Amino acid sequence: MVIRQIEIFDNPKVAKLIRTVMPEFGAIGSGFAIMDKEVDEMYETYQLPRSRNWVIENPQTELILGGGGIAPLQGAAETICELKKMYFYREIRGKGFGSLLIRRALDEARSFGFKGCYLETLTQMEQAQKLYQKFGFKKLDRPMGNTGHFGCNQYFYIDL
């Protein structure tokens with residue numbers, strides 16, 4: 001597996017990943033990231049300043065098996081970023097790719113000058129929450145910023 005920055009030709013594969021994984025956790029419909037316009041335009045979205053997105057690709061098959069990124073948190077201080085759109089197909093979950101991607105994202109966030117990183121998720125994404133906490137993310141009582149993801153019910157933050 002290779003972790004690399006997203007390319008424009010990855011857009012359909014990443015959109016399929018997001019639209020496949022999110023329903024597994026009941027994250028469908030209004031209030032969830034699956035409805036975001038950027039799902040179909042991930043490459044373009046992460047070309048904005050202080051934004052970065054990576055994919056996990058099987059180089060032999062060219063299949064995208066996971067991915068995620070960081071970007072400034074909308075509606076928050078410019079020093080806060082968001083860990084966004086981090087999803088993995090079942091076959092690579094629990095194999096260390098989440099750790100690799102989070103480490104890369106947090107390092108990049110620091111290099112961009114962010115002082116904190118926020119993320120939101122769902123109660124049923126228990127494995128992901130354990131991973132976030134392993135990295136030092138602390139649970140929040142309420143959401144930050146203005147993501148539009150009112151369907152999410154778990155919020156985390158880490159000082160960088």
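Heads up: the structure comes first, above all this text.
Overview of the structure.

The rules behind these values
Residues numbered from 1 in each chain as written. Predicted model: local features only at pLDDT ≥ 70, side-chain atom pairs only at ≥ 80, totals over all residues. Heavy atoms only, no water. Salt bridge = Lys/Arg side-chain N within 4 Å of Asp/Glu carboxyl O. Helix = DSSP H or I, 4+ residues; strand = E, 2+ residues; numbered from the N terminus. Buried < 20%, exposed > 50% of the residue type's maximum accessible area, 1.4 Å probe, protein only. 1 Å grid on protein atoms, 1.4 Å probe; cavity = no way out; pocket = protein on both sides within 12 Å on 5 of 7 lines; lining within 4 Å. Points joined across faces, edges and corners; volume = space filled by probe spheres on them. Nonpolar A, V, L, I, M, F, W, Y, C, P; charged D, E, K, R; others polar.

1. A few points about the pattern of salt bridges
Right, on to step 1. According to the stated counting rule, one finds eleven salt bridges in the structure shown.
Right, on to step 2. In this structure, Arg-90 and Glu-24 form a salt bridge, with 2.9 Å as the shortest nitrogen-oxygen distance. With Arg-90 in the loop between β4 (80-88) and α3 (97-111) and Glu-24 in helix α1 (residues 11-24), this residue pair connects regions lying 66 residues apart in the sequence.
Right, on to step 3. Assessed through its relative accessible area of 57%, Arg-90 is described here as exposed.
Right, on to step 4. Between Asp-36 and Lys-85 there is a salt bridge, and its shortest N-O distance comes to 2.7 Å. With Asp-36 in the loop between α1 and α2 (42-45) and Lys-85 in strand β4, this residue pair connects regions lying 49 residues apart in the sequence. Of the two residues, Asp-36 and Lys-85, neither departs from the other in class, the shared state being buried.
Right, on to step 5. A single salt-bridge network, built from bridges that share partners, covers Asp-36, Glu-38, Lys-84 and Lys-85.

2. With respect to the layout of surface pockets
Right, on to step 1. Estimates place the volume of the largest pocket at around 660 Å³.
Right, on to step 2. Looking at the largest pocket, it is lined by 36 residues, and the ones nearest its centre are Met-86, Phe-88, Met-125, Ala-128 and Tyr-132.
Right, on to step 3. Those elements that provide at least two residues to the lining of the largest pocket are α1, β4, α3, β5 (116-121) and α4 (126-134).
Right, on to step 4. When its residues are assigned to classes, the lining of the largest pocket shows 19 nonpolar, eight polar and nine charged.
Right, on to step 5. One number sums up the size of the second largest pocket: a volume of about 190 Å³.
Right, on to step 6. Looking at the lining of the second largest pocket, the elements that each hand over two or more residues are β3 (63-72) and β4.
Right, on to step 7. Per element, the largest residue contribution to the lining of the second largest pocket is three residues, and it comes from β4.

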